Amino acid sequence: MAFTQLSAHLVELVAQDLYRTRQIIDSAPGVHVQIAGRQLINFSSNDYLGLANHPQVKHAFKAAVDDFGVGSGAAHLVCGHHRVHHELENDLAEFTGRERAVLFSTGFMANLGIMNALLTRKDCVFEDRLNHASLLDGGLASGARFKRYRHADSHDLKRLMLTPSTANTTLVVSDGVFSMDGDCAPLPQLVALTTHHQAWLMIDDAHGFGVLGEQGGGLVAQHGFSQQEVPILMATFGKALGTFGAFVAGSDALIETIIQRARSYIYTTALPPALAAATRVSLQLMINDSWRRQKLQALIAHFRQGAEQLGLSVAPSQSAIQPIMIGSNQRAVELSAALREQGFWVSAIRPPTVPTNTARLRVTFSALHELAEVEALLAALDNCRVNA
Ligand SMILES: *Cc1c(COP(=O)(O)O)cnc(C)c1O
């Protein structure tokens, strides 16, 4: 079979300004990255607290490699569950105030696995339309009846929940902080609805964990919701914690069910133990270094104020994700290129990652940015006439 059909599809993507290319990074992750021989100020990373290249995190990783090697050797249920994995799970359970936690090799696999373990065709899952792809795929793959509600719209969810149903269990699933918009789920309303209807609530706080809440506990901690109120709490290590992997926290019964049933947990190699060791250190830095969250919030406030003065269309977001809405794919790509010319790395986000006609510049901040760099970005945005 020839690949002519595939080639035709690729040509079509180019024509629609939907073709994506990978940029090769020649430096450590951080606010300054080396791409194609040029140093750029990076406003695209999810390393919100600047921990991905932190000396203590790197040291923990290297020391653990010396002690425990590189690969974990097997899946968790075979012989890949090392003591340091177990210790990280205990740290996370304690920090989130949940009975237990379990690690997953990636956030994508966690979301597939949670829903795979909890749902059958007799159940029902309601998801925010703008949920992360892994949550939508997890819901669809679970075989449960699948419905999406309007973004952050608890009234629309209520309407769905009031529709008579024969479902055994109902699960409501939402991002905590939405990955491409930066806004937050209406958590108190979601908790009220799920409590009232005896449904389960699952929050994926990949972008809130580390950033929101006094100690970085995320959106759920910011609101002070307990295990009773948010029974399924998931977050990842690849964003604010600067490492790699993910966890789910909740009741003993929840965690044990996931361990027994989640196929993306059972049938995959455990994370390298050194990653768990690095993540333990990163977690402590996240909790203790509140200056990182304070600095981040100061940078965000400065950016929002400046962007407003320039008349930029910034979304209502208090998180490290501050998208500037553009609309057309072509214009978003052109603006991203123009910013790069001026020394800034700001990625253009296009469909299908976001809905049609909502292409945007996804500006993200790190605690390691300087105020002067935010000023410089604002000047560059003005130069490019992003507001035109
Ligand atoms: C990044 C992300 C994931 C996936 O996590 P990985 O560890 O990168 O696979 C899941 N959910 C949300 C909301 C994310 O932003």
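These notes cover the structure that comes with them. (Residues numbered from 1 in each chain as written. Predicted model: local features only at pLDDT ≥ 70, side-chain atom pairs only at ≥ 80, totals over all residues. Heavy atoms only, no water.)

### Re the overall build of the protein chain
Thinking step 1. From N to C terminus, the protein chain includes 15 helices and 13 strands.
Thinking step 2. Taken over the C-alpha trace, the protein chain has a radius of gyration of 21 Å; the compact-globule value for 388 residues is 21 Å, and the two agree within 12%.
Thinking step 3. A fraction of 70% describes how many contacts in the protein chain between residues 6 or more apart in sequence connect residues 24 or more apart.
Thinking step 4. For the protein chain, the separation between the mean place of its 31 positive charges and that of its 34 negative charges on side chains is 6 Å. (Helix = DSSP H or I, 4+ residues; strand = E, 2+ residues; numbered from the N terminus. Rg over C-alpha atoms; globule rule 2.2 N^0.38 Å. Contact = heavy atoms within 4.5 Å. Lys, Arg positive; Asp, Glu negative; His and termini not counted. Charge placed at Lys NZ, Arg CZ, Asp CG, Glu CD.)

### Notes on the site of the ligand
Thinking step 1. Every one of the 14 residues lining the ligand counts as a neighbour, but Gly107, Phe108, Asp204, His207 and Lys239 are closest to it.
Thinking step 2. Contacts to the ligand include His132, whose side-chain N or O atom sits 3.5 Å from a nitrogen atom.
Thinking step 3. Contact distances for the ligand include 2.7 Å between an oxygen atom and a side-chain N or O atom of Lys239.
Thinking step 4. In terms of residue count, helix H5 (residues 107-118) provides more of the shell around the ligand than any other element does, 3 residues in total.
Thinking step 5. Residues that form the shell around the ligand fall into these classes: 2 nonpolar, 9 polar and 3 charged. (Near = heavy atom within 4 Å. Polar contact = N/O pair within 3.5 Å; in protein donor to acceptor, adjacent residues only side chain to side chain. Nonpolar A, V, L, I, M, F, W, Y, C, P; charged D, E, K, R; others polar.)

### Describing the layout of surface pockets
Thinking step 1. In this model, the largest pocket occupies a volume close to 660 Å³.
Thinking step 2. Around the largest pocket sit 27 residues that line it, and Ser44, Ser45, Asn46, Trp345 and Ser347 are the ones nearest its centre.
Thinking step 3. Those elements giving two or more residues to the lining of the largest pocket turn out to be strand E1 (32-35) and strand E12 (347-349).
Thinking step 4. Residue contributions to the lining of the largest pocket peak at 3 residues, all from E12.
Thinking step 5. When its residues are assigned to classes, the lining of the largest pocket shows 9 nonpolar, 12 polar and 6 charged.
Thinking step 6. Counting the residues that make up the lining of the largest pocket, at least three belong to each of domain 1 (22-49 + 290-387) and domain 2 (55-288).
Thinking step 7. Within this model, the second largest pocket holds a volume of roughly 450 Å³.
Thinking step 8. Lining the second largest pocket are 19 residues, and of these Thr21, Gln23, Ser336, Trp345 and Arg350 lie nearest its centre.
Thinking step 9. The element contributing the most residues to the lining of the second largest pocket is helix H14 (residues 329-341), with 4 residues.
Thinking step 10. A breakdown of the residues in the lining of the second largest pocket according to their chemical character gives 10 nonpolar, 4 polar and 5 charged. (1 Å grid on protein atoms, 1.4 Å probe; cavity = no way out; pocket = protein on both sides within 12 Å on 5 of 7 lines; lining within 4 Å. Points joined across faces, edges and corners; volume = space filled by probe spheres on them. Domains from an automatic or database assignment.)

### Topic: the packing of aromatic side chains
Thinking step 1. Across all of its chains, the model carries 7 aromatic pairs by this definition.
Thinking step 2. An angle of 75° between the planes, with centres 5.6 Å apart, marks the rings of Phe43 and Phe365 as edge-to-face. Taken as a pair, Phe43 in the loop between strand E2 (38-42) and helix H2 (55-68) and Phe365 in the loop between strand E13 (359-364) and helix H15 (371-383) lie far apart in primary sequence, 322 residues in all. As far as burial versus exposure is concerned, Phe43 and Phe365 are alike and both buried. (Phe/Tyr/Trp six-rings, centres within 6.5 Å; stacked < 30°, edge-to-face > 60°. Buried < 20%, exposed > 50% of the residue type's maximum accessible area, 1.4 Å probe, protein only.)

### Things to note about the environment of Arg362
Thinking step 1. Here Arg362 is to be found in strand E13.
Thinking step 2. According to the relative accessible area criterion, Arg362 is buried, its value standing at 5%.
Thinking step 3. Remark: the alpha-carbon pair of Arg362 and Phe344, spanning 18 residues in sequence, is separated by 12 Å.
Thinking step 4. Once residues within four sequence positions are removed from consideration, Arg362 is found in contact with Phe43, Ser44, Asn46, Tyr48, Ser179, Met180, His207, Ile321, Pro323, Val346, Ser347 and Ile349.

### A few points about the pattern of salt bridges
Between side chains of opposite charge, a pair can form as their charged atoms come close.
Thinking step 1. Evaluation of the coordinates by the stated rule reveals 9 salt bridges.
Thinking step 2. Here Asp252 and Arg100 are joined by a salt bridge, their closest N and O atoms 2.8 Å apart. Here Arg100 lies in strand E3 (residues 100-104) and Asp252 lies in helix H10 (residues 252-261), a separation of 152 residues in the sequence.
Thinking step 3. Residue Arg100 is joined to Glu256 by a salt bridge in which the shortest nitrogen-to-oxygen separation is 2.7 Å. (Salt bridge = Lys/Arg side-chain N within 4 Å of Asp/Glu carboxyl O.)

### Concerning unusual backbone geometry
Trans is the common state for peptide bonds, and a negative phi is the common state for residues other than glycine.
Thinking step 1. In this structure, the amide linkage connecting Pro351 to the following residue, Pro352, adopts the cis form with an omega of 5°.
Thinking step 2. On the secondary structure map, Pro352 appears in the loop between E12 and E13.
Thinking step 3. The phi torsion at Ala36 lies on the positive side, around 50°, for a residue other than glycine.
Thinking step 4. As for its placement among the helices and strands, Ala36 is situated in the loop between E1 and E2.

### Digging into the pairing of strand E6 (residues 170-175)
Thinking step 1. Judged by how many residues are buried, E6 sits mostly within the fold: 6 of 6 residues are covered.
Thinking step 2. The alternating pattern of E6 places Thr170, Val172 and Ser174 on one face and Leu171, Val173 and Asp175 on the opposite face, and all of these are buried.
Thinking step 3. As judged from the 4 bridges shared by strand E4 (residues 124-128) and E6, these two strands associate in the parallel manner. Looking at the pairing, Val125 lines up with Leu171 of E6.
Thinking step 4. Alignment of E6 against strand E7 (residues 200-204), held across 5 bridges, turns out to be parallel. Looking at E7, one finds that Val173 is bridged to Met202. (Pairing = 2+ DSSP bridges.)

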